[in-house]
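Tertiary structure, described
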Amino acid sequence: MRGLITGGAGFIGSHLVRQLLQTDHQLVVMDNAITGGRHYLPAGGGFTCWQQDIRDATAKKKIQQEKFDVIIHLAAQTMVDASIKDPVFDASENIMGTLNVLEAARQCGARVIFASTAAAYGDVVENELPVLESHELSPQSFYGLTKVGVEKYLALYHQHYGLDYVICRFANVYGERQGDKGEGGVISIFAKRIAAGKDITIYGDGTQTRDFVYAGDIARGICKAMTTENVNTVYNLSTQTETSLLDLVRIMSEVSGCEITPKFWPVREGDIYRSMLSNQKAKAGLGWEPQVSLEDGLRRTMDYFRGI
Ligand SMILES: NC(=O)c1ccc[n+]([C@@H]2O[C@H](COP(=O)([O-])OP(=O)(O)OC[C@H]3O[C@@H](n4cnc5c(N)ncnc54)[C@H](O)[C@@H]3O)[C@@H](O)[C@H]2O)c1
């Protein structure tokens with residue numbers, strides 16, 4: 001299979017490329033290196049890297065010429081706060097950039113795997129946890145909105161042009177090479193600070209929960225989406241487990257061997273209290289479930305941040 005990974009030199013892309021290099025798929029990474037970069041990817045060959053912005057007309061042309069079977073679309077503006085400060089830039093990347101990719105996909109008949117997000121659901125009342133894919137979409141940020149917009153574009157590209165797609169809504173992803181600005185950065189922020197012997201801060205009392213899923217597991221889910229017959233639908237990729245920030249800090253303490261005493265600051269406006277996505281549909285439709293425990297994933301993450 002010929003596969004293109006947009007944003008493949010970013011955090012999640014770097015896990016995906018490593019896994020796909022173990023297969024016989026032919027790979028091209030397209031990335032403008034705005035947050036990721038070639039240094040996140042393995043040094044040896046086995047794939048082609050195009051330093052290219054998805055919004056450029058030449059990007060569309062290049063994709064069309066290469067006739068990909070599958071396009072995994074990870075490239076995006078990923079920061080919730082940045083989307084609120086500058087919704088136009090967010091839309092230029094996440095809507096217009098994506099449309100450039102979708103137009104090229106339709107010309108070459110490629111399946112599109114799209115990286116969507118739990119932010120698509122917005123605030124969910126606690127008795128609706130774990131959140132099912134059928135839950136109402138009510139994003140609270142422009143970032144969430146542009147992701148929902150692309151989900152709807154995909155459904156219409158399928159209806160009008162027969163383009164096949166799989167939407168994956170990721171929970172809070174963590175692991176090696178994660179930046180601390182995009183979504184779900186709490187673990188990378190904590191890990192970097194712990195590795196540097198600095199304090200960490202929790203906003204609120206630490207009982208708030210998140211559904212933390214290891215990036216290598218997300219990469220396996222994407223690989224399943226590349227070949228599944230159950231297409232033109234959406235899957236949550238999550239652990240379906242809630243972890244409080246207090247528990248997170250306790251486990252990080254254990255795996256790092258450091259005594260960590262967090263500082264507590266007032267809750268930030270707009271932070272949700274509990275979060276957990278159902279993964280039953282991904283289990284049934286993709287034959288996927290996460291394999292890496294939070295302890296193992298945090299150990300790998302801590303080791304990485306201590307090593308750089
Ligand atoms: N990390 C998470 O917790 C999480 C959760 C839900 C969804 N997602 C989604 O997963 C995808 C990957 O996220 P990530 O955490 O790996 O972020 P990341 O910032 O590490 O990766 C994004 C990559 O896209 C590249 N990029 C950005 N704009 C581009 C453009 N215009 N043209 C070409 N390349 C461009 C960046 O250089 C970077 O390498 C994103 O679509 C994000 O919205 C991430």
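So, how was this worked out
Residues numbered from 1 in each chain as written. Predicted model: local features only at pLDDT ≥ 70, side-chain atom pairs only at ≥ 80, totals over all residues. Heavy atoms only, no water. Axes fitted to C-alpha atoms, helices over the stretch in contact; angles between N-to-C directions. Helix = DSSP H or I, 4+ residues; strand = E, 2+ residues; numbered from the N terminus. Parallel < 35°, antiparallel > 145°, perpendicular 65-115°, else oblique. Left-handed = near helix turned anticlockwise from the far one by under 90°. Contact = heavy atoms within 4.5 Å. Near = heavy atom within 4 Å. Polar contact = N/O pair within 3.5 Å; in protein donor to acceptor, adjacent residues only side chain to side chain. Areas by Shrake-Rupley, 256 points an atom, 1.4 Å probe, with all protein chains shown as cover. Nonpolar A, V, L, I, M, F, W, Y, C, P; charged D, E, K, R; others polar. Buried < 20%, exposed > 50% of the residue type's maximum accessible area, 1.4 Å probe, protein only. Core = buried A, V, L, I, M, F, W, Y, C linked by side-chain atoms within 4.5 Å.

Overview of the packing of helix 6 (residues 186-195) against helix 10 (residues 294-307)
Viewed as axis vectors pointing N to C, helix 6 and helix 10 meet at an angle of 50 degrees, and their least axial separation amounts to 9 Å. By the angle between their directions, the pair helix 6 and helix 10 is classed as oblique. Of the two elements, helix 6 crosses helix 10, and the hand of that crossing is right-handed. Contacts between helix 6 and helix 10 pair Ile187, Ser188, Ala191, Lys192, Ile194 and Ala195 from the former with Leu298, Thr301, Met302, Phe305 and Arg306 from the latter.

Quick word on the site of the ligand
In the vicinity of the ligand, 29 residues are found, and the nearest of them are Asp31, Thr35, Leu74, Glu93 and Tyr143. One of the backbone nitrogen or oxygen atoms of Gly10 is found 3.1 Å away from an oxygen atom of the ligand. Between the ligand and Asp31, the relevant distance is 2.6 Å, taken from an oxygen atom to a side-chain nitrogen or oxygen of the residue. Protein contact buries 97% of the 820 Å² of open area that the ligand shows by itself. Per-element accounting of the shell around the ligand gives the leading share, three residues, to strand 5 (residues 111-117). Tallied by class, residues from the shell around the ligand come to 14 nonpolar, nine polar and six charged.

Thoughts on unusual backbone geometry
Geometrically, the link from Leu129 to Pro130 is a cis peptide bond, its omega value of -10 degrees lying close to zero. Counting through the fold element by element, Pro130 comes out in the loop between strand 5 and helix 5 (142-161). Backbone geometry places Lys67, a non-glycine residue, at a positive phi of 50 degrees. Residue position: Lys67 is located in the loop between helix 2 (57-66) and strand 4 (70-73). Note on Lys67: relative accessible area 56%, which makes it exposed.

Some words on the nonpolar core
Ranked by size, the top nonpolar core spans 41 residues in total, and within it Ile72, Ile113, Phe170 and Ile222 carry the most contacts. With six residues, helix 7 (residues 215-227) is the single largest residue contributor to this core. The contact partners of Ile222, leaving out residues within four places of it in the chain, are Ile12, Leu16, Ile72, Leu74, Ile113, Phe170 and Leu237.

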